[in-house]
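# Fold and geometry: a report
Chain by chain, the residues:
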Amino acid sequence: MKYVIGIGGVTNGGKTTLTDKLVKNLPNCCVVHQDDFFKKPDQIEVGDDGFKQWDVITALDMEAMGNTVKGWMENPVKFARSHGVTLLSSPDVANPEKQIHILIVEGFLLYNDPQLLDVYDKCYYITIPYEECKRRRSTRQYTVPDPPGLFDGHVWPMYLKHRREMEDSSLHIEYLDGLKSKEDIYNQVYEDIQNNLLNRL
């Protein structure tokens, strides 16, 4: 059985922290990070707002990301082995259909790409208010540092735009409060995933 979880949300909302903890605790779990598919800095356009357009879907090689997800869908066992994920054998090894394989797809624009919309079995989205997001973003060290004014001039407006687009899609998205403790968010999601998996077996 294959099960695909999307963990989307605002920048610095806690997506990676949640994902890393789930990967450690869910069986046969692989992960695809959207951030691994950013194009090179010289391929990022400068927009009308005067900033390099890092927070839009064209900054990402979504074709490569889609192919990576497809690779997992076609053969989760091969994908896991090639990514160094240890697979647990279960009593039902003779029946591979009963083996659970989980993929977590994590990123800030997961639900804005048409080719990925139909792969998710469960969609989560972490939100935090503007002030907290700005505070967290200002304390992060990025490979390409944020130029002055980027958050208010580009990052936040793009977040609001993409969130509106996402809400217009037909996806059933469960929103998570990013102001809760990391432990509370993890427990809520982990329990929800376990219940969903039990219902499918």
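Just above, that's the structure.
Notes on the structure in this doc start here. (Residues numbered from 1 in each chain as written. Predicted model: local features only at pLDDT ≥ 70, side-chain atom pairs only at ≥ 80, totals over all residues. Heavy atoms only, no water.)

### Focus: the overall build of the protein
Within the protein, the regular secondary structure consists of 6 helices and 5 strands. For the protein, the succession of helices and strands along the chain, N to C, is β-α-β-α-α-β-β-α-α-β-α. The C-alpha radius of gyration of the protein comes to 18 Å, within 12% of the 17 Å expected for a compact globule of 201 residues. When the 201 residues of the protein are sorted by exposure, 45% land in the buried category. Considering only contacts in the protein between residues 6 or more positions apart, those separated by 24 or more positions represent 76%. (Helix = DSSP H or I, 4+ residues; strand = E, 2+ residues; numbered from the N terminus. Rg over C-alpha atoms; globule rule 2.2 N^0.38 Å. Buried < 20%, exposed > 50% of the residue type's maximum accessible area, 1.4 Å probe, protein only. Contact = heavy atoms within 4.5 Å.)

### Details of the packing of helix α1 (residues 15–25) against helix α6 (residues 182–200)
Running from N to C, α1 and α6 cross one another at 50 degrees; their axes reach a closest spacing of 10 Å. The angle between α1 and α6 falls in the class oblique. For the pair α1 and α6, the crossing hand works out as right-handed. The residues of α6 that touch α1, namely those facing Thr17, Leu18, Lys21, Leu22 and Asn25, are Lys182, Glu183, Ile185, Tyr186, Val189, Tyr190 and Ile193. Taken together, the residues of the contact of α1 with α6 sort by class into 7 nonpolar, 2 polar and 3 charged. (Axes fitted to C-alpha atoms, helices over the stretch in contact; angles between N-to-C directions. Parallel < 35°, antiparallel > 145°, perpendicular 65-115°, else oblique. Left-handed = near helix turned anticlockwise from the far one by under 90°. Nonpolar A, V, L, I, M, F, W, Y, C, P; charged D, E, K, R; others polar.)

### Things to note about the sheet that holds strand β1 (residues 2–9)
Taken in spatial order, the 5 strands of this open sheet run β2-β3-β1-β4-β5, and their pairing is parallel. Taken across any chain shown, the strands that pair with only one partner, and hence form the sheet edges, are β2 (29–33) and β5 (173–177). Taking the axes of each pair of neighbouring strands and ignoring which way they run, one obtains an average angle of 20 degrees across the sheet. The strands touched by helix α2 (residues 62–74) within the sheet are β1, β2 and β3 (101–106), with β3 carrying the most contacts at an inclination of about 170 degrees. (Pairing = 2+ DSSP bridges.)

### Quick word on empty space enclosed by the protein
By the definition in use, this model includes 1 cavity of 30 Å³ or more. Taken as a whole, the largest cavity spans an internal volume of roughly 140 Å³. In terms of lining residues, the largest cavity is bounded by 18 residues, among which Gly9, Phe108, Leu109, Tyr125 and Tyr159 are the most central. Listed by contribution, the elements that provide at least two residues to the lining of the largest cavity are β1 and α5 (150–168). Among the elements that make up the lining of the largest cavity, the one with the highest residue count is α5 (6 residues). (1 Å grid on protein atoms, 1.4 Å probe; cavity = no way out; pocket = protein on both sides within 12 Å on 5 of 7 lines; lining within 4 Å. Points joined across faces, edges and corners; volume = space filled by probe spheres on them.)

### Description of the state of the cysteines
What the rule picks out here adds up to 0 disulfides. In this structure Cys29 is a free cysteine whose sulfur lies 6.8 Å from that of Cys30, the closest cysteine sulfur available. Classification of Cys29 by relative accessible area gives buried; the value is 4%. (Disulfide = S-S within 2.5 Å.)

### Re unusual backbone geometry
Despite not being glycine, Asn12 shows a phi value in the positive range, around 60 degrees. Structurally, Asn12 is set in the loop between β1 and α1. Assessed through its relative accessible area of 11%, Asn12 is described here as buried. Phi is positive for Asn28, close to 45 degrees, though the residue is something other than glycine. Within the secondary structure, Asn28 is located in the loop between α1 and β2.

### Some words on the layout of surface pockets
Of the volumes computed, that of the largest pocket is approximately 960 Å³. Around the largest pocket, the lining comprises 38 residues; the ones closest to its centre are Thr11, Asn12, Asp35, Arg140 and Tyr142. Breaking the lining of the largest pocket down by element, the ones donating at least two residues are α1, α4 (130–139) and α6. At 5 residues, the largest contribution of residues to the lining of the largest pocket is made by α1.

The values are spatial; any link to function lies outside them.
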